[in-house]
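Letter by letter, the chains look like this.
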Amino acid sequence: MQDAESVDSRERKMTEKGLLYNLELKQKERTKLLKSLNGVCDELEQLTSETKDTDAVKQVYTTWVSLYEQLLVSHEQFQKLLEVDHDRELDDAWFQERNKNFIILNDNVQQWFISNQVPKIVVTTAQEDSMSRISRGSRRSRTSSSASSQLSTAKLKEEQRKAELIARANSLADKKELEEAKLQLRMREEELEIKTEMQVSEAKVKVIEALEKSMREDQELEESLIKDEIVTKPKGLHVKYKLNPNLI
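All values derive from a computational prediction rather than experimental measurement.

**Here we look at the overall build of the protein**
In terms of helices and strands, the protein carries five helices and zero strands. Counting helices and strands in the order they occur from the N terminus, the protein gives α-α-α-α-α. The buried share among the 248 residues of the protein stands at 19%. Sequence separation of at least 24 residues holds for 79% of the intrachain contacts in the protein that already meet a minimum separation of 6. As displayed, the protein offers around 20400 Å² of accessible surface, 54% of which is attributable to carbon and sulfur atoms.

Structure, rendered in C-alpha cells:
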C-alpha cells in the first residue's frame, strides 16, 4: 500500500521541464491579462472624466472587475509555482507595484459612482468575490507599501550609519598617517641628534689625541734639549804637577 502511494506521489510530482513549461504558460497568461486590464483602465478613466453615462461606466467597470479577478487568480497560481521564497517575494513586489494603479483606479471609480449618486451596483456572487479580492489586494498593497516604507527607513538609517563609519574610518586613517609622520619625524630627529653627538665625540677624541701627541712631542723635545745640554757642557781643567824631589 505504501509503495503504491509512493509511486503515485512521484507521478504527481511535477518534473523540472513541466514546472518550467507551466511557469512560462502562467507568466504569459498574467502578462496578457495585465495588458487587457490596462486597456480597460484607460477606457474607464476616459469615461469617468468625459461622461455622466452611468450605464456605460457600469458596463466597462463590470468588465474591469472580471479581468481583475482573472488577474489575481493568475498571479496566485504563478506564485505557487515559484519554489524559492526569494523569487516569490521579488515577483510579488513586482506585481504589487502594478497592482497599486488598479487599486487607485477602483477607488476613483467608486468615488465617481458616489458623486453621481449611482445606486449600489448589483453584482453576481463571482463579482462579489472579485470585489472582495480587490479589497484584500488593496489591504495587502497598503501593508506591502508600509513594509516597504519601513524597510526604506531602516535602509536609510543603515546608509547613514555606513557613511558615519566610513567617515570615522577615513579620519582614523588620516590620524594614523599623521601619527606615523610624527613618529618618523621624531625618529629622524633622534637619528640626527645621535649622529651629531657622535660627530662631536669623534671631534673631541681627535682634539685629545692631538693634545696628547703635542704633549709627547714637547716632552720628547725637552728631553732632547736636556740631553744635548749635558753633552755640550765644558769639562773642568785638571793640571797635574810633578813634584820636584829636590824641593822636598
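**Observations concerning helix H3 (residues 54-81)**
Between its first and last C-alpha atoms H3 spans 40 Å; for 28 residues at 1.5 Å apiece the expected length is 40 Å, and the two agree. Its side-chain oxygen placed 3.2 Å from the backbone nitrogen of Asp55, Asp53 serves as the N-cap of H3.

**Focus on the nonpolar core**
Among the nonpolar cores identified, the biggest contains 22 residues, and Leu37, Leu44, Tyr61, Trp64, Tyr68, Leu71 and Phe102 are the most heavily contacted of them. Of all elements in the fold, only helix H2 (16-50), H3 and helix H4 (85-115) reach the threshold of two or more residues within this core. Broken down by element, the residue count for this core peaks at nine residues, all from H3. Once residues lying within four places of it in the same chain are set aside, the contact partners of Leu71 are Arg30, Leu33, Leu34, Leu37, Phe95 and Phe102. One finds Leu19, Leu23, Leu81 and Leu82 within the second-largest nonpolar core, a separate group that totals five residues.

**Looking at the pattern of salt bridges**
Taken as a whole and judged by the stated rule, the model has seven salt bridges. We note a salt bridge from Lys195 to Glu191, for which the minimum N-O separation is 3.6 Å. A residue pair is termed a helical-turn pair when its members lie 3 or 4 positions apart in one helix, as Lys195 and Glu191 do in helix H5 (residues 125-232) at four residues. By sharing partners, the salt bridges in this structure join Arg188, Glu191 and Lys195 into a single network.

The rules behind the values
- Residues numbered from 1 in each chain as written.
- Predicted model: local features only at pLDDT ≥ 70, side-chain atom pairs only at ≥ 80, totals over all residues.
- Heavy atoms only, no water.
- Helix = DSSP H or I, 4+ residues; strand = E, 2+ residues; numbered from the N terminus.
- Buried < 20%, exposed > 50% of the residue type's maximum accessible area, 1.4 Å probe, protein only.
- Contact = heavy atoms within 4.5 Å.
- Areas by Shrake-Rupley, 256 points an atom, 1.4 Å probe, with all protein chains shown as cover.
- Expected span 1.5 Å × (residues − 1).
- Polar contact = N/O pair within 3.5 Å; in protein donor to acceptor, adjacent residues only side chain to side chain.
- Core = buried A, V, L, I, M, F, W, Y, C linked by side-chain atoms within 4.5 Å.
- Salt bridge = Lys/Arg side-chain N within 4 Å of Asp/Glu carboxyl O.

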